[in-house]
Amino acid sequence: MGGGKSVIDKKTQVELDYQAREKRVWDAIRLEKPDRVPIVCYDEYFSLKQGGLTPADAYYDPKRASKVFADEVTKFNWDMVSIFGNVPGKVGETIGLTSNRWAGYNLPDNQEYQFVEKEYMLGDEYDEFLKDPSDFTIRKMWPRMADGLGAFGLFPSFTMFSHAYAPISDLAILLGQPEVREMLEKLIQIGEEMNEHLAGVDLAVETLKEKGLPVFAEIPAHAPFDWISDYFRGIKGTMLDMYYQPDKLKAAINLITPHMIEYTISTARMMGFDHVAIPLHRGADPFMSNKQYAEFYWPSLKELLLALIDAEITPMPYWEGSYTNRLEFLTELPRGKIWGHFDVVDIEKAKKLLGDTMCFWGNVPVQTLISGTPEQTSDYVKLLIDTFGDNGGLIVDGAAGIPKEAKLENVIAMTETVFEYGVY
Amino acid sequence: MTEKLFDAITELSRDEALKVTDELLQNNVDPNDILDTARDAMQVIGERFESGEYFLPELMVSGDILAAVADKVKPLLKKEGETEKIGKVVFGTVAGDIHDIAKDIVVFMLEVNGFEVIDLGVDVPIEKFVEAVQEHEAKIVGLSGFLTLAIEPMRDTISALKQAGLDDVKVMIGGGPINGLVCDDTGADAWGPTAMDAVSIAKEWAGVRA
């Protein structure tokens, strides 16, 4: 045993693979050339489908889904993957959630969950929201989003609990009411159901780690404009507000921005992640003009991104939809600190404007993955490598991740092209 | 007299539009003329959207103003003057997809361009498309979808229309996951990336010069 390192110091091949993959990805994010182009995929249901499972299985039997997912996704040898698990089906059923629809409950088994967009907050309720957003959300919004949370509507304003006798007076009286007790029982039940669900999802994370494949977190943060538009006012509501009550809309955005920052940082730290996913919605090109983006959307999003970077948490904005018109805004962000995923964008313009600012990730058209050929897929990946590869700032993925409708041979072609053509 | 209303709508001033509507009604202007003016104004909004001057907020606000003006005027209409329609389109977001924004924009643009649109809403079952086409004797169908999951139901809807013997019906598809490759894949007759493409396609099929 002369010369070599002791076996005790030696890392296992799995650990080495894990570290090499992580380094490859982070090098690309920092715009430092890795050994080859990394391939990092948002894959929630494609690998499950290869193993014969549906989104409904992911929502209702995460333990089984975890095993199948880990077996299937590791076949591709990607550098990092996301993980399913965003809809605990039983929890939704128990609280009678009406703000979402999901497979295995009120959507077909093979379709992913969707949010039911509505004006959960009405146009004349901004003042209540601005006075106390938590109070408004819990007492007004939740009963509108879930049948089983209706009893929150019976609660007095939360400030009523701010006296020393509240626990043996107001609170006790409230908890004595049958509707409230029934709701509390359901809340205890969803806690148990959620623990079970998360244990199932964690199994996938652990299994993948054992196989040397890192997982990226999907702890979601949101652009403050999206937070109001997606969940409170709906797209029509916010777009009317931009004309009819712009000051209130801005006040709501300004109010929640620091909370969003604080919540995101503390959640990421608690869960031990140094990055957070930020799916973006209403800032895409067709939704508003650049002038409106500058006025309503960008300032609070930029504040969030910079605050996360300051806290040494890498933001992973998913610039969903077409984003070519907004590229100029993104040049305001610091170099090598953003792990952004692109959907549809003019790639030459993106390279020209952002090539020295941030790594380019995604953009392989879902249409090609679904309806194209392996050659077409491979050609597109080569085009991306030719366009962005010179300084290492490229990570490959489908434009919207890997849709479950993608053809297996196209996904294989995408992956093989990276391994063969993407070596630096 | 109605120019002020036209300007108020195209400049997206709701209060002004409603004030002018009241004045016009007080001055005994024919309610049909008021509605016609409002429709003309909507056409300009559509053109500005097409040219990239206006975006979604402007469509939503103009739609809101039109509805408010119509609320004031409609009870006073003796007989609703129907403008001549250039064709019927059955439109909806396909089964399993509940997104309505893109669909609503296309419906809006088809309507301001003179089509009668039978809007079936979102998550529309295949049979409902077939029934609506038969009931309204429409020759044009528009299928919208936001998610990749919409592709399969699009394909199934198109083949169901064929199976029902509706071979002379033309189908156009659109939405985030659609391009030429997907169009061929589903068996649709045409596709388009924007609402104006839907209008041009429908006009061509209706035999109207775009």
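Calculation criteria
Residues numbered from 1 in each chain as written. Chains lettered and ligands numbered in written order. Predicted model: local features only at pLDDT ≥ 70, side-chain atom pairs only at ≥ 80, totals over all residues. Heavy atoms only, no water. Contact = heavy atoms within 4.5 Å. Buried area = accessible area lost by both parts, 1.4 Å probe. Salt bridge = Lys/Arg side-chain N within 4 Å of Asp/Glu carboxyl O. Polar contact = N/O pair within 3.5 Å; in protein donor to acceptor, adjacent residues only side chain to side chain. Helix = DSSP H or I, 4+ residues; strand = E, 2+ residues; numbered from the N terminus. Nonpolar A, V, L, I, M, F, W, Y, C, P; charged D, E, K, R; others polar. Patch = residues over 30% accessible without salt bridge, like charges linked within 9 Å, V, L, I, M, F, W, Y side chains within 5 Å. Areas by Shrake-Rupley, 256 points an atom, 1.4 Å probe, with all protein chains shown as cover. Buried < 20%, exposed > 50% of the residue type's maximum accessible area, 1.4 Å probe, protein only. Domains from an automatic or database assignment. Pairing = 2+ DSSP bridges. Right-handed = clockwise from strand over helix to strand, strands pointing away. Axes fitted to C-alpha atoms, helices over the stretch in contact; angles between N-to-C directions. Arc of directions from axis to C-beta. Disulfide = S-S within 2.5 Å. Core = buried A, V, L, I, M, F, W, Y, C linked by side-chain atoms within 4.5 Å. Parallel < 35°, antiparallel > 145°, perpendicular 65-115°, else oblique. Left-handed = near helix turned anticlockwise from the far one by under 90°.

Section: the interface of chain B and chain A
- Opposite the 31 residues of chain B that make contact, chain A presents 33 residues.
- At the boundary of chain B with chain A, total buried surface from both sides reaches about 2,500 Å², with 64% on carbon and sulfur atoms.
- Where chain B touches chain A, the interface holds one salt bridge.
- Close ionic contact of R101(A) with D123(B) constitutes a salt bridge, the shortest N to O distance being 2.6 Å.
- Remark: the boundary between chain B and chain A carries 10 residue pairs in polar contact (both at pLDDT 80 or more).
- Counting residues per element, the ones that place at least two in the side of chain B that touches chain A are α4 (56-73), α7 (151-163) and α8 (180-186) of chain B.
- The biggest single contributor to the side of chain B that touches chain A is α4(B), with seven residues.
- Classifying every residue of the side of chain B that touches chain A by side-chain character gives 19 nonpolar, five polar and seven charged.

Points about a nonpolar patch on the surface
Residue and element names in this part refer to chain A.
- Together, L171, L175 and L184 line one region of the surface with nonpolar side chains, adding up to about 190 Å² of accessible area.
- Within the secondary structure, L171 is located in helix α8 (residues 170-175).
- With a relative accessible area of 31%, L171 lands in the partly exposed category.

Examining the domain arrangement of chain B
All names here are of chain B.
- For chain B, the assigned domains are domain 1 (2-80) and domain 2 (87-205).
- Computed from C-alpha coordinates alone, the two centres of domain 1 and domain 2 are separated by 28 Å.
- Tallying the contact residues gives nine residues for domain 1 and seven residues for domain 2.
- When the two sides are added together, the surface that domain 1 and domain 2 hide from each other amounts to roughly 680 Å², 83% of it contributed by carbon and sulfur.

Side note on the pairing of strand β6 (residues 314-322) of chain A
Residue and element names in this part refer to chain A.
- The pairing of strand β5 (residues 275-280) with β6 spans six bridges and is classified as parallel. Counted as the bridge partner of I278 is P317 from β6.
- Handedness of the β5-helix α12 (residues 290-310)-β6 crossover: right-handed.

Thoughts on the sheet that holds strand β2 (residues 115-119) of chain B
Residues and elements named next belong to chain B.
- Reading across the sheet, the five strands line up as β2-β1-β3-β4-β5 and stay open at both edges, with parallel pairing between neighbours. Both edges of this open sheet fall to β2 and β5 (190-192), since each of them pairs with a single strand only. Geometrically, the sheet is characterised by an average inter-axis angle of 25° between neighbouring strands, direction not taken into account.
- Note that strand β1 (residues 87-93) and strand β3 (residues 140-144) share five bridges and pair parallel. Its bridge partner lying in β3, V90 is registered against V141.
- Set on the sheet, helix α5 (residues 101-112) makes contact with β1, β2, β3 and β4 (170-174); between it and β2 the angle comes to about 155°.
- Running at roughly 175° to β4, helix α9 (residues 195-205) makes contact with β2, β3, β4 and β5 of the sheet.

A short note on the pairing of β3(B)
All names here are of chain B.
- Burial within β3 is extensive, with five of its five residues counted as buried.
- In β3, alternate side chains face the same way, and those of I140, G142 and S144 on one face and V141 and L143 on the other are all buried.
- In this structure, β3 lies alongside β4, joined through five bridges in parallel fashion. Residue I140 lies in a different strand from β4, and its bridge partner there is K170.

Here we look at the sheet that holds strand β8 (residues 360-362) of chain A
All names here are of chain A.
- Strands sit in the order β5-β6-β7-β8-β9 across an open sheet of five strands; the sheet is parallel. At either end of the open sheet lies a strand with only one pairing partner, and these are β5 and β9 (394-395).
- By the bridge criterion, two bridges tie β8 to β9 in an arrangement that is parallel. What sits directly across from W361, in β9, is I395.

Quick word on helix α6 (residues 126-136) of chain B
Residue and element names in this part refer to chain B.
- Taken residue by residue, α6 has F129, V130, A132 and V133 as its buried positions. All buried residues of α6 project into a common sector of 165° when viewed along the axis, lining one side.
- Tucked into the core, α6 has its buried residues touching β1, β3 and α7.
- Remark: E137 follows α6 within two positions and exhibits a positive phi of approximately 50°.

Examining the state of the cysteines
Residues and elements named next belong to chain A.
- Inspection of the entire model under this criterion finds zero disulfides over all chains.
- Considering cysteine sulfurs only, C359 is the nearest to C41, which forms no disulfide, with 13 Å between them.
- Exposure remark for C359: the relative accessible area of 1% places this residue in the buried category.

Side note on the nonpolar core
- Ranked by size, the top nonpolar core spans 151 residues in total, and within it W319(A), L330(A) and L110(B) carry the most contacts.
- The biggest single contributor to this core is α12(A), with 10 residues.
- Residue assignment places this core across two domains, with domain 1 (2-80) and domain 2 (87-205) of chain B each supplying three or more.
- Residues within four places of L110(B) in sequence aside, it is in contact with V89(B), F91(B), F115(B), V117(B), M172(B), A198(B), V199(B) and A202(B).
- Counting 28 residues, the second-largest nonpolar core is a separate cluster that includes L120(B), V124(B), A132(B) and I158(B).

A few points about the packing of helix α14 (residues 347-354) of chain A against helix α16 (residues 374-388) of chain A
All names here are of chain A.
- Contact pair α14 / α16: the axes reach a minimum separation of 10 Å and the direction vectors enclose 25°. Considering the angle they form, α14 stands roughly parallel to α16. Handedness of the α14/α16 crossing: right-handed. Packed against α14, whose contacting residues are I347, A350 and K351, the element α16 presents Y380, L383, L384, T387 and F388 at the interface.
- A per-class count over the contact of α14 with α16 returns six nonpolar, one polar and one charged.

Some words on the pattern of salt bridges
Residue and element names in this part refer to chain A.
- Applying the stated criterion to the full structure yields 35 salt bridges over all chains.
- Ionic pairing is found between R30 and D27, a salt bridge with its closest N-O pair at 3.2 Å.
- In this structure R30 comes out as partly exposed when scored by relative accessible area, which is 38%.
- We classify D27 as buried; its relative accessible area is 7%.
- For R64, the salt bridge goes to D57, with nearest N and O atoms at 3.7 Å.
- Classification of R64 as partly exposed rests on a relative accessible area of 42%.
- D57 sits in the buried class, given a relative accessible area of 18%.
- Overlapping salt bridges, with partners in common, bring together K23, D27, R30 and E32 in one network.

Section: the environment of I256(A)
Residue and element names in this part refer to chain A.
- When you line up the elements, I256 lands in helix α11 (residues 246-271).
- Taking C-alpha positions, I256 is 31 Å from A350, a pair spaced 94 residues apart along the chain.
- In contact with I256, not counting residues within four places along its chain, are F129, P224, W227 and I228.

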